[in-house]
Amino acid sequence: MRHNSGGNAYNAALLRALADLGMVTESCTVDGDWPVGSPADRRRLGVLLTDIDDDGGPVTLVDGLVALGAPEELEAAAAAGMPAWILLHMPLADHPELERRALRAAAGVICTSSSAAADLQQRHGPDLPDGGGIALPGTEPAPPAAGSEPPHLLVVAALLPNKSQHLLLRALATLTDLAWTASFVGSDTADQAYASLLRGETERLGLWDRVRIPGELRGAALEAEWAAADLSLLVSQAETYGLVVTESLARAVPVIVRRGTGATEALAAGTPAGAADLPGAAVELEDDPEPLAALLRRWLTEPDLRRQWRAAAEVSRNNLPGWDVTARAVLAILGLAAPGTPD
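Keep in mind the model is a prediction, meaning the values are calculated, not measured. Throughout, residues of each chain are indexed from 1 in the direction in which the sequence is written. In view of the model being predicted, local features appear only for residues whose pLDDT reaches at least 70, and side-chain atom pairs are presented and counted only at 80 or more, with totals across whole chains, interfaces and linings using the full set of residues. Side-chain measures were taken over the full set of non-hydrogen atoms in the model, leaving aside hydrogen atoms and water.

**Q** Before we go on, may I ask you to explain the overall build of the protein in this structure?
**A** Here a helix means four or more residues in a row that DSSP labels H or I, a strand means two or more in a row labelled E, and each is numbered from the N terminus. Scanning the protein from N- to C-terminus turns up 14 helices and 10 strands. If you line up the protein on its principal axes, its C-alpha atoms span 65 × 45 × 40 Å. Throughout, a contact is declared for two residues whenever any of their heavy atoms are within 4.5 Å. Put simply, 71% of the contacts in the protein that link residues at least 6 apart link residues at least 24 apart. Carbon and sulfur atoms provide 52% of the accessible area of the protein, an area that totals close to 15900 Å². Per-residue and other accessible areas were derived by the Shrake-Rupley procedure at a 1.4 Å probe size, with only the shown protein chains allowed to occlude residues.

Written out as structure tokens, the structure reads:
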């Protein structure tokens with residue numbers, strides 16, 4: 001993974017939360033051309049999986065981005081009595097046989113969303129190991145966004161075709177009679193041709209004075225974008241969860257997601273059971289931007305809808321689970337207890 005991603009953010013936050021609970025953790029980076037690395041990449045992984053001082057305590061978790069494309073290395077670790085667990089953010093759909101073998105060799109699988117778990121069960125049910133469960137992402141507390149005038153739309157996602165920023169640009173091009181601005185924040189090196197296409201489309205559609213595409217931002221620059229946001233969007237063709245959705249809700253910023261993706265689970269993460277209003281909406285999308293444009297036009301022209309979504313987002317913000325909940329879920333799946341936890 002050569003750009004910041006929800007999976008990377010999950011892994012880092014989980015390690016911090018486990019350490020906060022008193023667990024001893026170690027993070028090992030395995031460079032390589034994953035999800036199916038070169039022979040040299042896989043050899044390095046194999047050494048890491050078997051070069052463990054096993055005193056009966058260590059548990060090895062391997063990100064699915066690495067593990068699912070390296071079944072031989074997981075099989076060797078299992079044969080050596082050191083089977084690894086897979087932390088699965090998304091499937092390896094292009095290599096189902098590699099994925100199947102890796103799952104068979106794993107000690108268990110921890111999925112980071114219900115949609116990932118359902119997909120895995122549908123495609124590999126009989127081959128799944130007995131151990132496993134779901135550990136949904138947590139959320140870091142954040143200050144509520146102040147918003148902007150005119151309303152500011154924020155898209156935080158790597159510039160990749162799957163993320164469908166091009167479809168959103170086409171939708172926005174039909175809304176130039178209304179006041180708004182937008183930022184598409186995300187890595188522009190992951191797919192440079194697509195990033196160039198988006199910037200070219202921004203010019204061609206006459207949106208250059210409304211839409212910023214600054215590339216990947218971090219730290220204060222990213223926080224400034226969040227503070228200015230009134231609405232965020234994640235309309236990817238496929239998402240197993242969409243961590244950016246809950247990051248948005250943590251700031252009381254409502255979200256539009258694509259119906260049928262795992263982002264719908266994230267949209268409801270902080271909504272109390274039985275609540276009537278979601279903090280945004282899930283829109284049915286294919287190749288036509290009109291449904292998205294129509295929903296955005298409603299949001300931009302109906303103050304009551306904006307207030308309703310914002311109020312629901314503020315409710316969600318106060319009900320989102322923290323990363324400590326995720327860490328405890330992982331420990332429960334692994335059959336471990338944090339130091340000081342009563343038996």
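Still to come is the rest of the account.
**Q** I would appreciate a short explanation of the pattern of salt bridges in the present structure.
**A** Where charged atoms from two side chains of opposite charge approach closely, those side chains can pair. A pair is scored as a salt bridge if a Lys or Arg side-chain nitrogen falls within 4 Å of a carboxyl oxygen belonging to Asp or Glu. One pass over the full model with this rule turns up 19 salt bridges. Among the charged side chains, a network of salt bridges with common partners joins E97, R100, R104 and D127.

**Q** Please explain helix α14 (residues 323-334) as it appears in this structure.
**A** Along an α-helix, a turn takes 3.6 residues, which lines up residues three or four apart on a common side. To estimate the expected span of a helix, subtract one from its residue number and multiply by 1.5 Å. If you check α14, its first and last C-alpha atoms are 17 Å apart, about what 12 residues at 1.5 Å a residue would give, namely 16 Å. Think of it in three bands: with a 1.4 Å probe and only protein chains considered, a residue is buried below 20% of the maximum accessible area for its type, exposed above 50%, and partly exposed in between. Residues of α14 that are buried: W323, T326, A327, V330, L331, I333 and L334. Buried residues along α14 cover an arc of 160° about the axis, so they all sit on one side. Where α14 is buried, its residues touch α1 (6-20), β1 (61-63), β2 (85-88), β3 (108-111), β4 (131-134) and α10 (243-249). In the segment just after α14, G335 is the residue with positive phi, at about 75°. In this context, the arc is that of the directions from the helix axis out to the C-beta atoms.

**Q** Please clarify how the sheet that holds strand β5 (residues 152-156) should be interpreted in this entry.
**A** The strands making up a sheet are joined through hydrogen bonds of the backbone, oriented either antiparallel or parallel. Two strands qualify as a pair provided DSSP detects at least 2 bridges between them. Judged by pairing direction, the sheet is parallel, and its 6 strands sit side by side in the order β7-β6-β5-β8-β9-β10 without closing on themselves. If you trace the sheet from one side to the other, it starts and ends with β7 (211-215) and β10 (280-283), each paired once. Averaged over all adjacent pairs, the angle separating strand axes in this sheet is 20°, with direction ignored. Bridge count between β5 and strand β6 (residues 181-185): 5 bridges; the pairing is parallel. Residue pairing in the sheet places V155 in a bridge with F184 of β6. In this fold helix α7 (residues 165-172) packs onto β5, β6, β7, β8 (231-234) and β9 (255-258), with an angle of close to 170° to the strand it touches most, β6. The angle between two axes is taken between their N-to-C directions and runs from 0 to 180 degrees, where each axis is a line fitted to C-alpha atoms and a helix contributes only its stretch in contact.

**Q** What am I meant to see in the pairing of β7 here?
**A** Moving residue by residue along a regular strand, the side chains alternate between the two faces of the sheet. Sheet analysis places β6 next to β7, joined by 3 bridges and oriented parallel. Its bridge partner being in β7, V185 is matched across the sheet by G215. The path from the first strand over the helix to the second decides the hand: if it runs clockwise while the strands point away from the viewer, the crossover is right-handed. Chirality of the crossover, the property in question, places the unit of β6, helix α8 (residues 192-204) and β7 among those that are right-handed.

**Q** So what exactly am I meant to see when it comes to the nonpolar core here?
**A** As a rule of thumb, soluble globular proteins bury nonpolar side chains together. Counting 34 residues, the largest nonpolar core has L172, W180, F184, V211, I256, L292 and L296 as the members making the most contacts within it. Of all the elements, helix α12 (residues 290-301) adds the most residues to this core, at 6 residues. As used here, the term nonpolar core means buried Ala, Val, Leu, Ile, Met, Phe, Trp, Tyr and Cys residues forming a set that is joined through side-chain atoms within 4.5 Å.

**Q** Could you clarify how one ought to interpret the sheet that holds β4 in this entry?
**A** Strand order across the open sheet formed by 4 strands is β1-β2-β3-β4, with parallel pairing between neighbours. In this open sheet, the two strands that pair with only one neighbour each are β1 and β4. Going from strand to strand, the sheet's axes swing by 20° on average, the running direction of each strand aside. Bridge analysis of β1 against β2 gives 3 bridges, and the strand direction is parallel. Each bridged residue has a counterpart across the sheet, and for D63 the counterpart in β2 is L87. Along the sheet face, α14 touches β1, β2, β3 and β4 and points at about 160° away from the line of β4.

**Q** Teacher, can you tell me more about the packing of aromatic side chains here?
**A** Describing an aromatic ring pair means giving the distance of the ring centres and the angle of the ring planes. Each Phe, Tyr or Trp ring, with Trp reduced to its six-membered ring, pairs with another whose centre is within 6.5 Å; inter-plane angles below 30 degrees give stacked pairs, above 60 give edge-to-face pairs, and intermediate values give tilted ones. Throughout the structure, instances matching the rule amount to 1 aromatic pair. Ring geometry for Y10 versus W323: centroids 5.3 Å apart, planes at 85°, classification edge-to-face. With a gap of 313 residues between them, Y10 in helix α1 and W323 in helix α14 connect regions that are remote in the sequence. On the accessibility criterion, W323 (8% relative accessible area) is buried. For a Lys NZ or an Arg CZ to count as sitting over a ring, it must be within 6 Å of the ring centre and within 35 degrees of the ring normal. Seen from the ring of W180, R210 lies directly overhead, with NZ or CZ sitting 4.7 Å from the centre.

**Q** Help me understand the pairing of β4, please; the structure alone is not making it clear to me.
**A** Here β3 runs beside β4; their pairing, made up of 4 bridges, is parallel. Within β4, the residue paired with G108 across the bridge is G131. This β-α-β element, β3 to helix α6 (residues 114-124) to β4, shows right-handed connectivity.

**Q** Can you walk me through a negative patch on the surface in this structure?
**A** Residues E286, D287, D288 and E290 make up a contiguous surface patch of negative charge. Relative to the helices and strands, E290 resides in helix α12. Patch construction takes residues with relative accessible area above 30% that form no salt bridge. Like charges are linked within 9 Å, and nonpolar side chains (Val, Leu, Ile, Met, Phe, Trp, Tyr) are linked within 5 Å. His residues and chain termini do not enter the charge count, which takes Lys and Arg as positive and Asp and Glu as negative. Lys charges are placed at NZ, Arg charges at CZ, Asp charges at CG and Glu charges at CD.

**Q** Mind showing me how you'd approach α1 here?
**A** Its 15 residues give α1 an end-to-end C-alpha distance of 21 Å, which sits within 8% of 21 Å, the value for a rise of 1.5 Å per residue. Taken residue by residue, α1 has G7, Y10, N11, A13, L14, A17 and L18 as its buried positions. At the C-terminal side of α1, G22 shows a positive phi close to 95°.

Keep in mind these numbers describe shape, not what the thing actually does.
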